[in-house]
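Topology and contacts: notes
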Amino acid sequence: MNLLQIKNLEVEFATYGGSIQAVRGVSFGIEPGECIAVVGESGCGKSVTAKSILRLLPEPQAAIKDGSVILFKGENVLKYSEAQLQRLRGNDISMIFQDPMTSLNPTMTVGRQISEVLIKHQKLSRAQAKEKTIEFLSLVGIANPAARFREYPGSLSGGMRQRIMIAIAMCCNPKLLIADEPTTALDVTIQAQILNLMRDLQQRFNTAIILITHDLGVVANMARRVLVFYAGQIIEEGSCEDVFYRPRHPYTWGLIKSMPRLNSEHKEDLMSIEGTPPDLFAPPVGCAFAARCTHTMKICTRRTPASLEVGENHHAACWLNYK
């Protein structure tokens with residue numbers, strides 16, 4: 001049984017110019033202890049999908065449409081009361097946000113920010129929470145954790161702030177961790193350290209991870225399965241090996257060809273995907289990628305392709321796969 005199951009998720013944002021259809025019929029599941037990666041360019045619906053799981057979207061501007069289902073351990077999160085959501089957030093499901101500097105409170109010590117989570121969810125005393133906080137600071141690789149407990153986020157480096165965010169997210173041993181671009185603002189050395197840390201914590205606590213990223217190199221090191229998003233939809237889903245070596249959607253081909261290859265014997269220009277993503281105020285009829293695709297056929301602009309099984313647990317929504 002899946003730990004999390006999302007079925008036909010549709011999210012709209014109301015604006016003065018009309019409704020933006022940010023997420024359009026997304027469905028996927030994740031098993032306990034599994035790591036899946038969600039990839040795609042900015043604005044494709046990755047973060048909106050993640051925030052929908054915890055009901056963190058601003059209301060009433062954002063609306064999850066009727067027919068959408070988000071099941072966590074068999075219960076529909078969309079029917080939770082505010083009190084139930086408060087118990088869920090940070091306890092069973094935690095999230096690491098994109099920018100730790102804007103996610104951490106600059107007026108509170110990092111120790112207090114971690115301790116508050118433990119006091120709220122695990123009903124620990126302040127002394128017990130402090131002891132466990134120092135233990136987790138050490139666990140995430142913070143040197144001299146007792147001294148760091150009293151420091152403010154502004155005095156820490158980017159890598160250390162990201163470790164603090166991971167400590168906050170993991171201190172209650174959540175069943176599911178959502179990591180939204182956790183290494184974006186870090187240099188490659190710190191990126192590797194953060195990814196190794198997340199992998200170690202996943203194995204230690206059997207935590208399922210949804211890793212949201214645009215960096216396919218990060219995906220290869222962490223995830224077992226990959227979901228490729230485009231224009232608010234999943235256009236390809238499969239194992240890392242299938243998506244990297246046997247991609248079956250032109251958008252996925254473009255993503256992979258845009259990556260520099262260190263083992264290439266010849267100098268090659270990196271491929272860029274021409275054009276811009278579609279306007280989600282009025283999503284196009286047919287395949288959303290048709291206007292940018294070099295393989296477009298007449299049917300691509302008239303009918304939306306269903307997701308077709310193209311291999312074992314490998315699916316792609318492209319008319320090229322129909323025979």
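Here's a quick rundown of the structure. If you're wondering where the values come from, they're calculated on a predicted model, not measured in any experiment. (Residues numbered from 1 in each chain as written. Predicted model: local features only at pLDDT ≥ 70, side-chain atom pairs only at ≥ 80, totals over all residues. Heavy atoms only, no water.)

The tally for this structure, following the rule as stated, stands at three cavities of 30 Å³ or more. Approximately 70 Å³ is the volume attributed to the largest cavity. Of the residues that constitute the lining of the largest cavity, the class distribution is eight nonpolar, three polar and no charged. (1 Å grid on protein atoms, 1.4 Å probe; cavity = no way out; pocket = protein on both sides within 12 Å on 5 of 7 lines; lining within 4 Å. Points joined across faces, edges and corners; volume = space filled by probe spheres on them. Nonpolar A, V, L, I, M, F, W, Y, C, P; charged D, E, K, R; others polar.)

Taken as a whole and assessed by the stated rule, the structure comprises twelve salt bridges. Note that Glu 34 and Arg 224 form a salt bridge whose closest N and O atoms lie 3.0 Å from each other. Here the residue Glu 34 occupies a position in the loop between strand 2 (18-30) and strand 3 (35-39), and Arg 224 occupies one in the loop between helix 9 (216-222) and strand 10 (225-230), the gap between them amounting to 190 residues. One salt bridge in this structure joins Arg 225 and Glu 237, with 2.7 Å as the shortest N-O distance. With Arg 225 in strand 10 and Glu 237 in strand 11 (residues 233-239), this residue pair connects regions lying twelve residues apart in the sequence. Relative accessible area serves as the criterion here: at 16%, Arg 225 is assigned to the buried category. By sharing partners, the salt bridges in this structure join Glu 31, Glu 34, Arg 224, Arg 225 and Glu 237 into a single network. (Salt bridge = Lys/Arg side-chain N within 4 Å of Asp/Glu carboxyl O. Helix = DSSP H or I, 4+ residues; strand = E, 2+ residues; numbered from the N terminus. Buried < 20%, exposed > 50% of the residue type's maximum accessible area, 1.4 Å probe, protein only.)

If you look at the biggest cluster of nonpolar residues, it comprises 60 residues, and the most contacted ones within it are Ile 164, Ile 166, Met 198, Val 219 and Val 228. It is helix 7 (residues 158-170) that contributes the most residues to this core, eight residues altogether. Residues within four places of Val 228 in sequence aside, it is in contact with Val 39, Gln 233, Ile 234, Ile 235, Glu 236, Val 243, Tyr 251, Thr 252 and Leu 255. Within the second largest apolar cluster, 36 residues are counted, among which are Leu 3, Val 23, Cys 44 and Met 95. (Core = buried A, V, L, I, M, F, W, Y, C linked by side-chain atoms within 4.5 Å. Contact = heavy atoms within 4.5 Å.)

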